[in-house]
Amino acid sequence: METRTNQKMYWTLLVHEKWSLYMAATSKGLCYVGSHNKPFEELSDWAKNRFSDSVLIQDDEKLQPYMTELTEYFRGERKSFTIPFDFYGTPFQLAVWNALCEIPYGQTQSYSDIANYIQKPAAVRAVGTAIGANPVLITVPCHRVIGKNGSLTGYRGGLNMKTQLLQLEQESLLTEGSVLHV
């Protein structure tokens, strides 16, 4: 795991309807999206582990573009994200995280599907580990990965958050697809 030193990270608490989560960005882009209803310590512990000597600065204005896109997602108005990211991982982790971004909104894939997508079919367990290390929940949609048998599996934000995100996407697609007949 790579650590960076003397990194300024700007953070805010996003609250939208039932959603409440901490998020952080560097000057280069979004680097962290936390779990629903978790304390600030989830972010500060993550920052200490990944960015030695990091400085966390609350700056709602600097995080506004990120909050806007996430709020649009929660409203069902956004299916993909255009904001810049600033996350670091091994080449394998980056390949997995990039593959997650290819999963279409409202759909799911298995860990095996992701392993096959990155051309490492025997690396299913390693794919699961890389997904668990995803620092930017929702925006890199690891919630769209399920077990091969269709079951919900682990999620850093908890299975309740994963279920809520998948339901949000399904409901948004249903609403979008419904046609009003008069």
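That block above? That's the structure.
Worth saying up front: this structure is predicted, and the values here are computed from it rather than measured. (Residues numbered from 1 in each chain as written. Predicted model: local features only at pLDDT ≥ 70, side-chain atom pairs only at ≥ 80, totals over all residues. Heavy atoms only, no water.)

Engineer: How should I be thinking about helix α5 (residues 124-132) in this particular structure?
Structural biologist: Because each turn of an α-helix spans 3.6 residues, side chains separated by three or four positions in sequence point in the same direction. Buried within α5 are the following residues: Val-127, Ala-130 and Ile-131. For α5, the buried positions fall inside an angular range of 100° around the axis, keeping them on one side. Along α5, the residues that are exposed and aim more than 90 degrees away from the buried face are Arg-125 and Thr-129. Here the buried face of α5 lies against α3 (91-100), α4 (111-117) and β6 (145-146). (Buried < 20%, exposed > 50% of the residue type's maximum accessible area, 1.4 Å probe, protein only. Helix = DSSP H or I, 4+ residues; strand = E, 2+ residues; numbered from the N terminus. Arc of directions from axis to C-beta. Contact = heavy atoms within 4.5 Å.)

Engineer: Would you mind showing me how to read the packing of aromatic side chains here?
Structural biologist: Any pair of aromatic rings gets described here by the distance separating the centres and the angle formed by the planes. Applying the stated criterion to the full structure yields eleven aromatic pairs. Ring pairs connect the aromatic residues Trp-19, Tyr-73, Phe-74, Phe-81 and Tyr-105, which therefore count as one cluster. Over the ring of Tyr-10 we find Lys-62, and its NZ or CZ is 4.7 Å from the ring centre. Between the NZ or CZ atom of Lys-79 and the centre of the ring of Tyr-105, over which it lies, the distance is 5.0 Å. (Phe/Tyr/Trp six-rings, centres within 6.5 Å; stacked < 30°, edge-to-face > 60°. Lys NZ or Arg CZ within 6 Å of the ring centre and 35° of its normal.)

Engineer: Please clarify how the nonpolar core should be interpreted in this entry.
Structural biologist: What tends to happen in soluble globular proteins is that the nonpolar side chains get buried as a cluster. Met-23, Val-33, Phe-74, Val-96, Leu-100 and Ile-138 are the most contacted members of the largest nonpolar core, which has 40 residues in total. Those elements giving two or more residues to this core turn out to be β1 (8-16), β2 (19-25), β3 (30-33), α2 (64-74), α3, α4, α5 and α6 (159-177). Per element, the largest residue contribution to this core is five residues, and it comes from α2. When residues of this core are assigned to domains, at least three fall in each of domain 1 (8-75) and domain 2 (91-180). (Core = buried A, V, L, I, M, F, W, Y, C linked by side-chain atoms within 4.5 Å. Domains from an automatic or database assignment.)

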